[in-house]
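In case you want the letters, here they are:
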Amino acid sequence: MDLAYTPEEEDFRARLRAWLAEVLPTLPPKPAPDDWPGRRAYDLGWQRMLYDAGYADVHWGGSPGVRLIFLEETERAGAPYVGACFVGLLHAGPTIAAEGTAEQRERWLPPILRGEEVWCQGFSEPGAGSDLAALRTRAWRDGDHYVVSGSKIWTSHAEVADWCELLVRTDPAAPRHRGITWLALPMDAPGVTVRPLRTLAGSEEFAEVFLDEVRVPVGNRVGEENDGWRVTMVTLSFERGTAFAGEVVACRRVLGDLAREARRTGRWDDPALRRRLGRLDARFRALWRLTQWNAGEAEATGGGVPGVAGSVFKLSYAQARQELYDAAAQVLGVGSLDLDRPWVLDRLSSLSYTIAAGTSEIQRTIVAERILGLPKGR
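Reading the values: the criteria
Residues numbered from 1 in each chain as written. Predicted model: local features only at pLDDT ≥ 70, side-chain atom pairs only at ≥ 80, totals over all residues. Heavy atoms only, no water. Helix = DSSP H or I, 4+ residues; strand = E, 2+ residues; numbered from the N terminus. Contact = heavy atoms within 4.5 Å. Salt bridge = Lys/Arg side-chain N within 4 Å of Asp/Glu carboxyl O. Buried < 20%, exposed > 50% of the residue type's maximum accessible area, 1.4 Å probe, protein only. Core = buried A, V, L, I, M, F, W, Y, C linked by side-chain atoms within 4.5 Å. Axes fitted to C-alpha atoms, helices over the stretch in contact; angles between N-to-C directions. Parallel < 35°, antiparallel > 145°, perpendicular 65-115°, else oblique. Left-handed = near helix turned anticlockwise from the far one by under 90°. Nonpolar A, V, L, I, M, F, W, Y, C, P; charged D, E, K, R; others polar. Lys, Arg positive; Asp, Glu negative; His and termini not counted. Phe/Tyr/Trp six-rings, centres within 6.5 Å; stacked < 30°, edge-to-face > 60°. Lys NZ or Arg CZ within 6 Å of the ring centre and 35° of its normal. Disulfide = S-S within 2.5 Å. Expected span 1.5 Å × (residues − 1). Polar contact = N/O pair within 3.5 Å; in protein donor to acceptor, adjacent residues only side chain to side chain.

Another point: the environment of Ala 79. When you line up the elements, Ala 79 lands in the loop between α4 (64-76) and α5 (86-99). In sequence terms Ala 79 and Leu 24 are 55 residues apart; their C-alpha atoms lie 6.8 Å from each other. In this structure, Ala 79 is in contact with Leu 20, Leu 24, Trp 46 and Thr 74, ignoring residues within four places of it in sequence.

Evaluation of the coordinates by the stated rule reveals 26 salt bridges. Residues Arg 215 and Asp 142 are paired through a salt bridge, measuring 3.0 Å at the closest nitrogen-oxygen approach. With Arg 215 in strand β7 (residues 206-217) and Asp 142 in strand β2 (residues 138-142), this residue pair connects regions lying 73 residues apart in the sequence. Judged by its relative accessible area of 41%, Arg 215 is partly exposed. Notably, a salt bridge pairs Arg 253 with Asp 257, separated by 3.6 Å at the nearest N-O pair. One end of the pair is Arg 253 and the other is Asp 257, both in helix α8 (residues 245-265) and 4 residues apart, which spans about a single turn. By relative accessible area, which is 39% here, Arg 253 ends up partly exposed. Salt bridges here are not isolated pairs; linked through shared partners, they connect Glu 10, Arg 13, Arg 17, Glu 72, Glu 73 and Arg 76.

A few words on the nonpolar core. Within the largest apolar cluster, 53 residues are counted, with the highest numbers of intra-cluster contacts made by Trp 119, Val 148, Trp 182, Leu 185, Met 187, Val 192 and Leu 211. Among the elements that make up this core, the one with the highest residue count is α5 (6 residues). Apart from the residues lying within four places of it in its own chain, the contact partners of Met 187 are Cys 120, Ala 158, Ala 161, Asp 162, Trp 163, Cys 164, Val 192, Val 194 and Val 209. Tyr 5, Trp 19, Ala 262 and Leu 324 belong to the second largest nonpolar core, which has 46 residues in total.

A few words on the packing of helix α1 (residues 7-23) against α4. Following both chains from N to C, one finds α1 and α4 inclined at 30°, their axes separated by 10 Å at the closest point. It follows from the interaxial angle that α1 and α4 lie roughly parallel. As for the relative orientation of α1 and α4, their crossing is right-handed in sense. Between α1 and α4, the residues in contact are Glu 9, Glu 10, Phe 12, Arg 13, Leu 16, Arg 17 and Leu 20 and Gly 65, Val 66, Ile 69, Phe 70, Glu 72, Glu 73, Thr 74 and Arg 76, respectively. For the contact of α1 with α4, the per-class residue count stands at 6 nonpolar, 2 polar and 7 charged.

It is worth spelling out unusual backbone geometry at this point. In this structure, Trp 154 takes a positive phi of about 60° despite not being glycine. In the Ramachandran plot, Asn 226 falls in the positive-phi region, its phi being about 70° despite a non-glycine side chain. With respect to the helices, strands and loops of the structure, Asn 226 is situated in the loop between β8 (221-222) and α7 (228-241).

This next bit is on the side chain of Asp 43. When you line up the elements, Asp 43 lands in helix α2 (residues 36-53). Buried charged residue Asp 43 carries no salt bridge. Nearest counter-charge: Arg 39, at 5.2 Å. Not counting chain neighbours up to four residues away, the residues in contact with Asp 43 comprise Tyr 81, Val 82, Gly 83, Ala 84 and Cys 85.

What follows concerns the environment of Phe 313. Structurally, Phe 313 is set in helix α10 (residues 309-332). Along the chain, Phe 313 and Ala 245 lie 68 residues apart, while their C-alpha atoms are 9.7 Å from each other.

To continue, consider the packing of aromatic side chains. Summed over the entire model, instances satisfying the criterion amount to 8 aromatic pairs. Look at Trp 108 and Trp 163: their rings are 5.5 Å apart centre to centre, the planes differ by 75°, and that puts the pair in the edge-to-face class. Taken together, the residues Trp 108 in helix α6 (residues 102-113) and Trp 163 in strand β4 (residues 163-169) connect sequence positions 55 residues apart. Between Trp 119 and Trp 163, the aromatic rings sit 5.9 Å apart at their centres with planes inclined by 25°, giving stacked as the arrangement. You can see Trp 119 sitting in strand β1 (residues 119-122) and its partner Trp 163 sitting in strand β4, a full 44 residues away along the chain. Grouping residues by exposure puts Trp 119 and Trp 163 together as buried. Members of the aromatic cluster, connected to one another through ring pairs, are Phe 12, Trp 19, Trp 46 and Tyr 55. Arg 141 extends its terminal NZ or CZ atom over the ring of Tyr 146, reaching a point 5.8 Å from the ring centre.

All told, the structure shown has 0 disulfides when counted by the stated rule. The closest cysteine sulfur to the non-disulfide-bonded Cys 164 is located on Cys 120, 3.7 Å from its own sulfur. Classification of Cys 164 by relative accessible area gives buried; the value is 2%.

Below, the discussion takes up α2. Here α2 contains 18 residues, and its C-alpha end-to-end distance of 26 Å stays within 8% of the 26 Å for a straight helix at 1.5 Å per residue. Turning to α2, its buried residues are Trp 36, Gly 38, Arg 40, Tyr 42, Asp 43, Leu 44, Trp 46, Gln 47 and Leu 50. Considering only its buried residues, α2 is in contact with α1, α4, α5 and α6. N-capping of α2 is provided by Asp 35, with a side-chain oxygen placed 3.0 Å from the backbone N of Gly 38. Two residues or fewer past α2, Gly 54 is found with a positive phi of approximately 90°.

Taken by themselves, the reported measurements are silent on function.
See the structure below:
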């Protein structure tokens, strides 16, 4: 892809920047971190404002340049993050747009874009995290429904979600990767129980979900029965390839804040710290270029689905993010032990990034086998 933006894309940037300058001062205060009903309402309200202004579908309908400019400008302006809308906008929505039927796209995509419904992700299980193909949540066909029993863990935003992108095993006799199906689960269905999980950082954006003979219409299946692994790879391609793009922009902003804080406190005089921040600046600039390349490749190959280079991005980004917040601890000194100081909770949450969205070990395997062509491990 041409990494330079076109005149039309720069015009989009100017219009978006002007709109953000007008509307951001009118937003209500952000809810408390533990007020999930309030956060849901706030995030959906922001998504509705984007929809009314014509910016809601940039993740799906815009060119790669438009999508990346949107992320650059909203982060630069301090606009709200997608928050509780994350799974719908960046995982489930793009998957349904790529793999769903016309009826499914009509049913689920407009409410996501209008800020009316929240999705969560029901992939991982207590015994199937990195090895997702080991999932055991069972679904069997009963007429026009699947009957689902099992459990999920680390289910993002389950406590405020309307729908769940759910992986189930529909053929236990098939090879592990061939008996899986992708379903859209209504979270208010009888038999669904949600139990929030508290993270090391004190937040509760994840939950356990227990499914006790939950009936899901067959019409909620995205893709064919037992073809869910392929559909899941589409979802994970979006998650690893472009869903973290906004966070790269945020990390670059944090890096600038760290440099200013180091100058204020006198730690900028440490040449080792300056070199560390300089290397991080180079890494995040490279990651942003890789994001541009991934988005352009997805567009060029048709369908807008990122390729396996998303694993290169995910692997490098997870490491860079951890190093960024380790550098923040160096800048803060003893202040890094104070949970009320900036960046301290972010440092705790950064520990999860080499696990979430596929462990670094999994990403190395994908890079080795699918990009470098090395033999498969035993």
